[in-house]
Amino acid sequence: MLGGVLRIKCHKVVVFCCSLISVIIIFHYFKSNNNSYPPNGFLESVEDTYRHYRGSRKRINPLDFTYTIPGEKICRHRSPFLLIFVVSLHTRRSQRDAIRSTWGSVSIGKPWPRSQYGNQPSNPPPNLFTKVVFLFGYHPNDTHNRELLHESAQHNDVVQANFTESYRNLTRKVLMGLKWARHYCPQAKFVMKIDDDTFVNVPMVFDYLLSKDVWERTIMGFINIDSIPFRLYTKWQVSWTEYPYMRYPIYTSGNIYVFLSRTSCLLLDVAEYIPYVSMEDVYITGILAEVIHAKHRLIPLKWYSPYKTASPCELATNKKMASQMITAKLHYLVWKAMQEKICD
């Protein structure tokens, strides 16, 4: 008898769960087909939204930043071929120092370790120069902001603006970087965005960028197609109010992407007329890219794995162009493997 009661209860739980899922699916369906969109500002389509606000000259997403650390001297003496923006947090100083001491040291003119693998372009033109810049918002704890100011004075590679540092402001942080580049580093040829747990084989990136003739309105990275927004509460939640469509446009993952500086300016030009979405990679390389009719180029998967951390020897011997989830310790191990040729 007890077994029968348990079976009935289990059946009721299953029926309830199925009913709940059905209600959620039906709600999402009607939500996506409802022409009365929520108040974030999106209209029938992303392009309709842009035309509406651009036509009425209404800046629905004003980019009126004030730079608390302007970094105006970073590109003053030499314009980079590749400008690399690294999004970081105030408390991750060890990651930034690891970058500065390893692959990012090319930013201050240090040579790339040479080996039999040819991990430096042969006879590189003199304008093939890289600059690494770390981007920040304003921390609620002013002690962290003072420490960052000292760090900036020491390394001259920090830019900070006056919006609150938070994950939901990541889109704002990258847009701030693009706006900074237009004003303070306008001669950069390419702009790359990465996270601070990314190792970049800079010469391999140079080789690849130079090997392709067509880069106009092109964004290179790991491409995502037919992705659906997370509606339930997670770190990546995007509500119906924030983004009222069923699917995201094609976009590249935020771990690493690169485009021409001219493309950066085009994206920046339309951003003020498109409502803000907190998922930075979706917004910049997907929504804004759709408005400017940008193309996406897949980063060669033989040189980059979006789901797996490369080994030190894979990076040291040119088998991988970049890798994410690289701790400070791993940065140093990769660099040591390059310098001492321990993988040869």
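If you check an unreviewed UniProt entry, the protein chain appears there as Hexosyltransferase from Octopus sinensis. Checking UniProt for the protein chain, the heading Subcellular location (unreviewed entry) contains the comment "Golgi apparatus membrane". Quoted verbatim from the Sequence similarities (unreviewed entry) field of UniProt, the annotation for the protein chain is "Belongs to the glycosyltransferase 31 family."

Caption draft 1: Summary view of the side chain of Arg100. Relative to the assigned elements, Arg100 resides in helix H3 (residues 93-101). Judged by relative accessible area, which is 12%, Arg100 ranks as buried. A distance of 3.0 Å separates the side chain of Arg100 from the side chain of Asp97, its partner in a polar contact. A polar contact of 2.7 Å, which involves the side chain of Arg100, links it to the side chain of Asp157. When neighbours within four sequence positions are excluded, Arg100 is seen to be in contact with Arg93, Ser105, Phe134, Glu151, His155, Asp157 and Val158.

Caption draft 2: Expanded view of the pairing of strand E3 (residues 130-138). Taken across its 9 residues, E3 has 8 buried, putting it largely inside the fold. Direction of pairing for strand E2 (residues 82-87) relative to E3: parallel, over a ladder of 6 bridges. Counted as the bridge partner of Ile84 is Val132 from E3.

Caption draft 3: Summary view of the packing of aromatic side chains. Tallied over the entire structure, the rule returns 20 aromatic pairs. Considering the side-chain rings of Phe81 and Phe206, the 5.3 Å spacing of their centres and the 85° angle between planes classify their relative orientation as edge-to-face. Of this pair, Phe81 sits in the loop between strand E1 (67-69) and E2 while Phe206 sits in helix H6 (residues 202-211), placing them 125 residues apart in sequence. Seen in terms of ring centroids, Tyr208 and Trp215 are 6.3 Å apart; in terms of plane orientation they differ by 75°. Their pairing is edge-to-face. Accessibility expressed as a relative area gives 9% for Tyr208, which makes it buried. Taking relative accessible area as the criterion, Trp215 reaches 4% and is therefore assigned buried. Joined through ring pairs, the aromatic side chains of Phe81, Phe190, Phe206, Tyr208, Trp215 and Trp303 make up one cluster. We note Arg231 situated over the ring of Trp240; from NZ or CZ to the ring centre the distance is 3.9 Å. Positioned above the aromatic ring of Trp215 is the side chain of Arg297, whose terminal nitrogen or guanidinium carbon lies 4.4 Å from the ring centre.

Caption draft 4: Representation of H3. What H3 keeps buried is the set Gln95, Arg96, Ala98, Ile99 and Arg100. Contacts from the buried residues of H3 go to E2, E3, helix H4 (142-155), strand E4 (158-164) and helix H10 (328-340).

Rules used throughout
- Residues numbered from 1 in each chain as written.
- Predicted model: local features only at pLDDT ≥ 70, side-chain atom pairs only at ≥ 80, totals over all residues.
- Heavy atoms only, no water.
- UniProt positions renumbered as here; feature names shortened; annotations may be inferred.
- Helix = DSSP H or I, 4+ residues; strand = E, 2+ residues; numbered from the N terminus.
- Buried < 20%, exposed > 50% of the residue type's maximum accessible area, 1.4 Å probe, protein only.
- Polar contact = N/O pair within 3.5 Å; in protein donor to acceptor, adjacent residues only side chain to side chain.
- Contact = heavy atoms within 4.5 Å.
- Pairing = 2+ DSSP bridges.
- Phe/Tyr/Trp six-rings, centres within 6.5 Å; stacked < 30°, edge-to-face > 60°.
- Lys NZ or Arg CZ within 6 Å of the ring centre and 35° of its normal.

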